[in-house]
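# Per-entry structural report
Below, each chain spelled out in residue letters.
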Amino acid sequence: MYTKFVSGIKSSNSFAIFTHINPDGDALGSSLAVFTFLRSAGKTAHLFLPNDKPIPPKLGFLPNVEEFNNFTPLSSYDCAIALDCGDASRLSDENFKLFLKAKTRMVVDHHQSHEAFAPITILEADSASTTQIVFKILKACDPKYIDKDVALQLYTGLVTDSGSFSYTSTSPETHKVAAELLSYGIDAGFVSRKVMKDTPFSIFNLKNRVLAKTKFFEDFKIAFVSYIDEDFEATSTTEADTEGIINNILDIDTVEIAISLAEIKDKAYKVSIRTKQNVNAAAIAKVFGGGGHANAAGCRVYGYFEDVCNKILSAATEMLKYA
Ligand SMILES: [Mn+2]
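Residues numbered from 1 in each chain as written. Predicted model: local features only at pLDDT ≥ 70, side-chain atom pairs only at ≥ 80, totals over all residues. Heavy atoms only, no water.

## With respect to the packing of aromatic side chains
All chains considered together, the criterion is met by 14 aromatic pairs. Consider the rings of Y227 and F232, whose centres lie 5.8 Å apart with planes at 5 degrees: the pair is stacked. Taking relative accessible area as the criterion, Y227 reaches 0% and is therefore assigned buried. The exposure class assigned to F232 is buried, which follows from its relative accessible area of 6%. The rings of F18, F48, F71, Y77, F96, F99 and F117 are connected pair by pair, giving a single aromatic cluster. (Phe/Tyr/Trp six-rings, centres within 6.5 Å; stacked < 30°, edge-to-face > 60°. Buried < 20%, exposed > 50% of the residue type's maximum accessible area, 1.4 Å probe, protein only.)

As structure tokens, this is what we get:
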């Protein structure tokens, strides 16, 4: 198992590690774990993030998080590793160019919609998180470099991407990996509090404001929430603060499809789709050139607000028929 990946690690000395734009707990956790592991193994490793946006404050507790973009890059690296990236565009153009310059190029991902962009790709689409796969790979490389910090980084990705072990992607393996990671002495309650529960007051205000305006369609099977510039201005928040709010409408018992639409620029919207059991979220996102998982997906849509809303609603309504 993972032979090519393991020999890629063993035969290289300098590593560029990449993850996706707007990183979540799994993106940060998986890339940090590989970084921490490689440093312990005595390798040169640099962590790249696509933009200068700050790391989400709630993930600031992750060990080595300050190492992102905090170095003078080499002109090229022996090995490039991209984690949790469903396609090359998620790395940003600039970082993808650097990725391509590496002699050995490897990717670890779990997105159903993955479009391969490296010679060595480990894609396990039924894995709850990328960190669930990374743990198995690092064990295959050398378990002695997995320490408490690596375990905390990996466990955090597992908790965030599985919704605290509540999504259908949660498998026996998810719990086995979680159990092994907890045996390193990390505090499960602390991680849960940090990544799933603690909410800044500004986000509490944003949530109250937008949820009050939720719209329902198809006998309350589709719920729709939108964020416009005024919502962010009134609550001193940004689009990055919308993460997770969509789950509040998905949790309504009648709802099968939850959609959120956030204005990111004039006539440009970020769309998130969350579904229950039998409705394929990635298939809805794909209509608009996006992708993701069976129950969580996203896309960008451009146009006038009303037009964009109508297009997404009709795609969602169509998908309900196949549920
Ligand atoms: Mn992920």
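## What to know about the domain arrangement of the protein
Once the domains are mapped, the protein shows domain 1 (3–197) and domain 2 (201–320). The C-alpha-based centres of domain 1 and domain 2 are spaced at 27 Å. Taken together, the contact pairs eight residues of domain 1 with 11 residues of domain 2. When the two sides are added together, the surface that domain 1 and domain 2 hide from each other amounts to roughly 730 Å², 37% of it contributed by carbon and sulfur. Considering only the surface of domain 1 that becomes buried against domain 2, Q112, S113 and T168 emerge as the three largest contributors, covering 49% of it. (Domains from an automatic or database assignment. Contact = heavy atoms within 4.5 Å. Buried area = accessible area lost by both parts, 1.4 Å probe.)

## Here we look at unusual backbone geometry
Within the chain, F220 stands out as a residue other than glycine whose phi angle is a positive 65 degrees. One can find F220 in the loop between strand 6 (215–217) and strand 7 (222–227). The phi dihedral of K267 is positive, around 60 degrees, even though this residue is not glycine. Among the secondary structure elements, K267 is positioned in the loop between strand 8 (257–265) and strand 9 (268–275). (Helix = DSSP H or I, 4+ residues; strand = E, 2+ residues; numbered from the N terminus.)

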